[in-house]
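Observations on chain architecture
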Amino acid sequence: MDPIDPSPPPHPTSLGLRETKKRETRQLISDRATALFIEQGFERTTIAEIADAARVAKKTVTNYFPRKEDLALDHQDEFVATLADAVTAREGDETPLAALRRAFLAAVAAQDPVAGFAGPAFTRMIADSPTLTSCLRGLHDRREEALAEALAETTAAPPDDITPRAVAALLGGVHRVLFTRIQELTLAGRANPEIAEVLDGETRRAFDLLEPALRDYGPRAPDATPPERTHTD
């Protein structure tokens, strides 16, 4: 049995302030790390340099960000869940193809960084780093896997049905191409508003290519239970 702690429980306000301080520290470390990565390259920047720039201990950096890649790509869970969330949130008569087309066009219009509108400095930082490039490929893979799971659950597919995985590969592939296209245009010196204008038309054409195969696939099964998802930065 644990000994009785005579100290009073933390006041709710104290808990709120503590969480706020943690979020501020995390954001500070992330901001300082990104600035260093952009200035001198991801591979050449050390955890010690990041800690010095943020005025925290090295252990504090690794407590918040276990891997160095997490410092540069610190919204990984949000990225991985994006496609699955769009499919999960769709209305019963909306197909996954229609839901993802709508969601990506909205992201293009908003020039959403998660969709690839990260700006030239950040995009160049990723392109110049073999580690970050490999990490990004892995995130695309994880996003496709999460999409396949959401498709299987919301269409009540049998456990051994390969269809959700095949559909996720097609839809995930289009998103990879469009993400890469945004990166290419960014590195070519195009501004975000111009890229968004180009991508609006290219997104429609890319999704049109999938219409013959996926036009009628995947209205939500009446008894399908949407998967629960949590997000952490």
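Residue numbering note: each chain is counted from 1, following its sequence as written. Two thresholds apply to this predicted model, a pLDDT of at least 70 for residue-level local features and 80 or more for giving and counting side-chain atom pairs, whereas whole-chain, interface and lining totals are computed over all residues. Water and hydrogen atoms play no part in the side-chain values, which are based on all heavy atoms of the structure.

Overview of the layout of surface pockets
- A 1.4 Å probe that fits into a set of points on a 1 Å grid over the protein atoms alone but cannot get out defines a cavity; an open set with protein on both sides within 12 Å along at least five of seven lines defines a pocket, and lining residues are those with an atom within 4 Å of a point. Grid points are joined across faces, edges and corners, and a volume is the space filled by probe spheres set on the points. For the largest pocket, the calculated volume is near 420 Å³.
- Taken together, 23 residues line the largest pocket, and the ones lying closest to its centre are Leu73, His75, Pro113, Val114 and Phe122.
- Listing elements by their share of the lining of the largest pocket, those giving two or more residues are helix H1 (12-40), helix H4 (68-72), helix H5 (76-88), helix H7 (120-127), helix H8 (130-154) and helix H9 (163-187).
- The element that contributes the greatest number of residues to the lining of the largest pocket is H1, accounting for 4 residues. Labels follow the DSSP assignment, with helices taken as runs of H or I lasting at least four residues and strands as runs of E lasting at least two, numbered in each case from the N terminus.

Considerations on the pattern of salt bridges
- We define a salt bridge as a side-chain nitrogen of Lys or Arg found within 4 Å of a carboxyl oxygen belonging to Asp or Glu. Applying the stated criterion across every chain, the model contains 14 salt bridges.
- Its salt-bridge partner being Glu144, residue Arg176 comes within 3.8 Å of it at the nearest N-O pair. On the criterion of sequence distance, the pair formed by Arg176 in helix H9 and Glu144 in helix H8 is long-range, its members being 32 residues apart.
- In this structure, Glu211 engages Arg215 in a salt bridge whose closest nitrogen and oxygen atoms are separated by 3.5 Å.
- Under the scheme applied here, a residue whose accessible area is under 20% of the maximum for its type counts as buried, over 50% as exposed, and between as partly exposed, the area being computed with a 1.4 Å probe on protein chains only. Under the relative-accessibility criterion, Glu211 is labelled partly exposed at 21%.

A word on the confidence of the model for the chain
- On a range of 0 to 100, pLDDT expresses the predictor's confidence in each residue. Residues with a pLDDT of 70 or more make up 88% of the chain, whose mean pLDDT is 90.
- Counted against residues more than four places away or in other chains, residues 1-7, with its pLDDT under 50, gives 0 contacts.
- In the model, residues 229-233 has pLDDT below 50 throughout and makes 13 contacts with residues more than four positions away in sequence or in other chains. The contact definition used throughout considers only heavy atoms, calling two residues in contact when any of these lie within 4.5 Å.

Overview of the packing of helix H6 (residues 96-110) against H9
- Think of each axis as a best-fit line through the C-alpha atoms, taken over the contacting stretch in the case of a helix, with angles from 0 to 180 degrees between the N-to-C directions. Contact geometry of H6 with H9 gives a least axis separation of 11 Å together with a crossing angle of 15°. It follows that H6 is roughly parallel to H9 by the angle criterion. Crossing geometry of H6 relative to H9 is assigned as right-handed. On H9, the residues that touch Pro96, Leu97, Leu100 and Phe104 of H6 are Leu171, His175, Leu178 and Ile182.
- Each residue belonging to the contact of H6 with H9 can be placed in one class, and the counts come to 7 nonpolar, 1 polar and no charged. Should an angle lie under 35 degrees it is considered roughly parallel, over 145 roughly antiparallel, and from 65 to 115 roughly perpendicular; all remaining angles are considered oblique. Helix crossings fall into two classes, left-handed where the near helix is turned counterclockwise from the far one by less than a right angle and right-handed where it is turned clockwise. The nonpolar class holds Ala, Val, Leu, Ile, Met, Phe, Trp, Tyr, Cys and Pro. Asp, Glu, Lys and Arg form the charged class, and all remaining residues, Gly among them, are polar.

Focus: the packing of H7 against H9
- Interhelical geometry of H7 versus H9 gives an angle of 110° and a closest axis separation of 9 Å. Here H7 lies roughly perpendicular to H9, going by the angle between them. By crossing handedness, the relation of H7 to H9 is classed as left-handed. The segment H7 lies against H9, with Pro120, Thr123, Arg124, Ile126 and Ala127 engaging Gln183, Thr186 and Leu187.

Brief notes about unusual backbone geometry
- Non-glycine residue Arg55 carries a positive phi angle of around 60°.
- With respect to the helices, strands and loops of the structure, Arg55 is situated in the loop between helix H2 (47-54) and helix H3 (58-64).
- According to the relative accessible area criterion, Arg55 is exposed, its value standing at 79%.

Concerning the environment of Ala109
- Of note, Ala109 is situated in helix H6.
- A relative accessible area of 63% places Ala109 in the exposed class.
- Between the alpha carbons of Ala109 and Pro193 there is a distance of 8.6 Å; along the sequence they are 84 residues apart.

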